[in-house]
Amino acid sequence: GRFTRKGVSKINFVVTLTSQTVPAIAEINAGTVLTTALADIAGFSFENNPIAVPDLATLFVPSIVGGESASDSTLTFYDDDASSVIRTALAKSNAGYIVLCPYGITATKRCEVWPAKSTGYNDEWTTGNEAAKANCKFAITAAPNQAAVIT
């Protein structure tokens, strides 16, 4: 049935996975929990770049499937002056997997496994009346598995 992601979905940064197809609950839970500090998510979508293949027979320009890439991906967090766990885990050049669990970390449920490398963790500066935030951008280093199943 329909649901809201708030309070259900979980996101962890995991350094090592035995399988990107069937990640184990213990491996996901051994990673750094990102959910509790997460303020915003951008990217983490798989994209195809179709190739136009015009021909002389028609005015319509059809296309074929082309190369694939991941959109620019960023996680924004509420900053925490008492803990540096997330900042340390996502320090520049740290590699691992962003594991997106839309239905929680539950056996037999689908999850997404994104091989990623941090390009840097940065404070966001503002004079506005809002909570302090920081963000981490990621290079997606290989094709994600958007249909992995938690074991």
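Just above sits the structure.
Residues numbered from 1 in each chain as written. Predicted model: local features only at pLDDT ≥ 70, side-chain atom pairs only at ≥ 80, totals over all residues. Heavy atoms only, no water.

1. Some details on the overall build of the protein chain
So, point 1. Each helix and strand counted, the protein chain has two helices and 10 strands in total.
So, point 2. Listed N to C, the secondary structure of the protein chain is β-α-β-β-β-β-β-α-β-β-β-β in terms of helices and strands.
So, point 3. The principal-axis extents of the C-alpha atoms in the protein chain amount to approximately 65 × 45 × 35 Å.
So, point 4. Sorting the 151 residues of the protein chain into buried and exposed places 33% on the buried side.
So, point 5. Taking as baseline every contact in the protein chain between residues at least 6 positions apart, the subset at least 24 positions apart corresponds to 67%.
So, point 6. With the model as given, the accessible surface of the protein chain reaches about 9,100 Å², and the carbon-plus-sulfur share is 54%.
So, point 7. Looking at charge distribution, the protein chain has the averaged site of its 11 positive side-chain charges lying 6 Å from that of its 13 negative ones. (Helix = DSSP H or I, 4+ residues; strand = E, 2+ residues; numbered from the N terminus. Buried < 20%, exposed > 50% of the residue type's maximum accessible area, 1.4 Å probe, protein only. Contact = heavy atoms within 4.5 Å. Areas by Shrake-Rupley, 256 points an atom, 1.4 Å probe, with all protein chains shown as cover. Lys, Arg positive; Asp, Glu negative; His and termini not counted. Charge placed at Lys NZ, Arg CZ, Asp CG, Glu CD.)

2. Details of the packing of aromatic side chains
So, point 1. Inspection of the entire model under this criterion finds four aromatic pairs.
So, point 2. Arranged with centres 5.6 Å apart and planes meeting at 55°, the rings of Phe-3 and Tyr-103 form a pair that is tilted. Note that Phe-3 is positioned in the segment before strand S1 (10-14) and Tyr-103 in the loop between strand S7 (95-101) and strand S8 (110-124), a separation of 100 residues in sequence.
So, point 3. Look at Phe-3 and you get partly exposed, because its relative accessible area is 41%.
So, point 4. A residue is classified by how much of its surface remains accessible, and Tyr-103, at 33% relative accessible area, is partly exposed. (Phe/Tyr/Trp six-rings, centres within 6.5 Å; stacked < 30°, edge-to-face > 60°.)

These figures capture arrangement, not role.
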